[in-house]
Amino acid sequence: MVTRINIGPVHPSTHGVLRLVADVDGDTVVNLEPHIGFLHRGVEKLVETRMYMQNPPYMEKLDYIAPMSYDDAYVATVEKAMGVEVKERAMWVRTVLLELQRIASHLLWLGTMANDVGQFFTVFMWAFTDRDMVMRLLEEASGARMFYVNMRIGGLIRDLPPGFGEKAGEVLAYIEKRIKKYENFLEKDPLFTERMKGIGVLSRERAIELGVTGPVLRGSGVGYDVRKNNAYYVYDKLNFRPQTRSDGDCFARYKVRMLEMAESIRLVREALAKMPEGDALGMPIKLILPSAKNRMVSLSRETPRGECLMYMVADSQKPYRLSIRAPTFINLAAMPEISRGCRTADIFAISGSLDLVMGDVDR
Amino acid sequence: MEDQPYSKERFLNAEKEMSELVKASMAGHESKPNVMFAKLSEVSKALSKGLVDWSRVRSLWPLQFGLSCCAMELMDFGSARIDAERRGYLFFRATPRQADVMVVAGWVTKSMVPEIKRLYEQMLKPKYVIAYGECATCGGPWWESYNIIKGIDQVLPVDVYVVGCPPKPENLYAGFMKLQKKIGGEIED
């Protein structure tokens, strides 16, 4: 007999206010339907009424776990519409900050994910303490703790503070050690591995067909990463390769994110060593006028959750239309398929492994 | 839903009613043990009035309920760096029936209002609400949005407002301290 159960929208294990309606036969999930829209506030409409550089704060609140990645994507879109080149040093600084943001985002994911599958609050406490060290670095570089708004057209609001390299080196060395500790702790624990291995398998072919991106796609064995395939800033000058795993289950997605954190640490170190001297300051926010040639621009960026694509129709002072391809929205679409046939308790392992941010899904 | 979840007057009125009921039921039996009991209850009542407030101030259990950005800072508040438990803001509860404080962390959409109301009604009295962040305080940056209500105080009675976008976890800590003072009677309702 099939029973319909309702999970959420306020449920401690769904990341954000997501409502899941599950049809279960005994303990097996027959069908699952995500219901979204509990955080919808019409960002795409709101930005049309504001001038270009009033919008980054709105963009940051889309993906509040990794705000800087969206800030960067929006400012880069405006830069493309204006036809402005980013200063050489600013490109390096942005790369460093974006990779630090990726580490912070994945640490938060790790804590909440481990919470969902039974590591009750141990890893959560550790990961949040480590994340706070990275956030303090970002706070030093930008001046704000969570919503940075430090990108300006052609550069940044301020250069990296003196002594940033040494501090970042210390923090990264510490976090590198901690990542090994997490891996040791979690992968030897049958509680964690049995709830992750073989759960929520997404095959390579279906992953491509469904259009998932980011760690979910790379966990299914596709080595697609915007940083590599469509390199922006200085990623082509750095020694970087996308991390993939071929299993396609929750554990593969977990492993991809752990490897990505290690890769980001390497990237930050390399970028800090190779960073040229010079000017990184951007334009004052009032001198914004897009050129008539680039009326329609689109641009994609690799956020910690996947590929974010921004399509903008520029107008004289405000964007005429801004359309956002949110990575988590597309990744959520894969959820009904991969949770069919799993146990009811595995729904939370799957929703956790997709790394959903409902602010990004609902917009 | 009532306007005020917990007011001292209502609490005292209820106590008066109870004591009158007890007196009425004891009217026919004026034996010694009952007198003893009545005196003991008076003593314990006087003691417990202070005791209940004292203990309530020192064990506030927040509801594990996050909406958006501020929920990230709410999680940080619950993590090891702030260590909120040392002042009695205990473990986040997953069910409203075990919680005392609801921290509304994030923007409130129209579709979310009935859910929040329901959660609030499921909480046991006395219950308190903290509006955490600009969006829950007044709508914040989404003031002009068509789907956001302009502050949670349009739906629920708010005890403490914590402002910022998002406020640091330390600010929430200060907000909880203010709530403690309010429950302890140092700040008037």
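Residues numbered from 1 in each chain as written. Chains lettered and ligands numbered in written order. Predicted model: local features only at pLDDT ≥ 70, side-chain atom pairs only at ≥ 80, totals over all residues.

Draft legend 1. Seen up close, the interface of chain A and chain B. Facing the 25 residues of chain A at the interface are 29 residues of chain B. At the level of secondary structure, the elements contributing two or more residues to the side of chain A that touches chain B comprise α2 (56-60) and α5 (122-142) of chain A. The element contributing the most residues to the side of chain A that touches chain B is α5 of chain A, with five residues. In the side of chain A that touches chain B, the residues fall into 16 nonpolar, five polar and four charged. (Contact = placed C-beta atoms within 7 Å. Helix = DSSP H or I, 4+ residues; strand = E, 2+ residues; numbered from the N terminus. Nonpolar A, V, L, I, M, F, W, Y, C, P; charged D, E, K, R; others polar.)

Draft legend 2. Fine view of the pairing of strand β7 (residues 306-314) of chain A. All names here are of chain A. Alignment of strand β6 (residues 296-303) against β7, held across eight bridges, turns out to be antiparallel. Paired with Arg301 across the strands is Cys308, a residue of β7. In this structure, the hairpin formed by β6 and β7 is closed by a connection of two residues. Sheet analysis places β7 next to strand β8 (residues 319-325), joined by six bridges and oriented antiparallel. Along β8, the bridge assignment pairs Met310 with Ile324. The hairpin formed by β7 and β8 contains four residues between the paired strands. (Pairing = 2+ DSSP bridges.)

Draft legend 3. Representation of the sheet that holds strand β1 (residues 101-105) of chain B within the structure. All names here are of chain B. Strands sit in the order β1-β2-β3 across an open sheet of three strands; the sheet is parallel. In this open sheet, the two strands that pair with only one neighbour each are β1 and β3 (160-162). On average, each strand axis in the sheet is tilted by 20° relative to the strand beside it, whichever way the strands run. In the sheet, β1 pairs with strand β2 (residues 128-132) via five bridges, with the strands oriented parallel. Directly across from Val101, in β2, lies its bridge partner Tyr128. Sheet strands touched by helix α6 (residues 169-183): β1, β2 and β3. Its angle to β3, the strand with the most contacts, is close to 165°. (Axes fitted to C-alpha atoms, helices over the stretch in contact; angles between N-to-C directions.)

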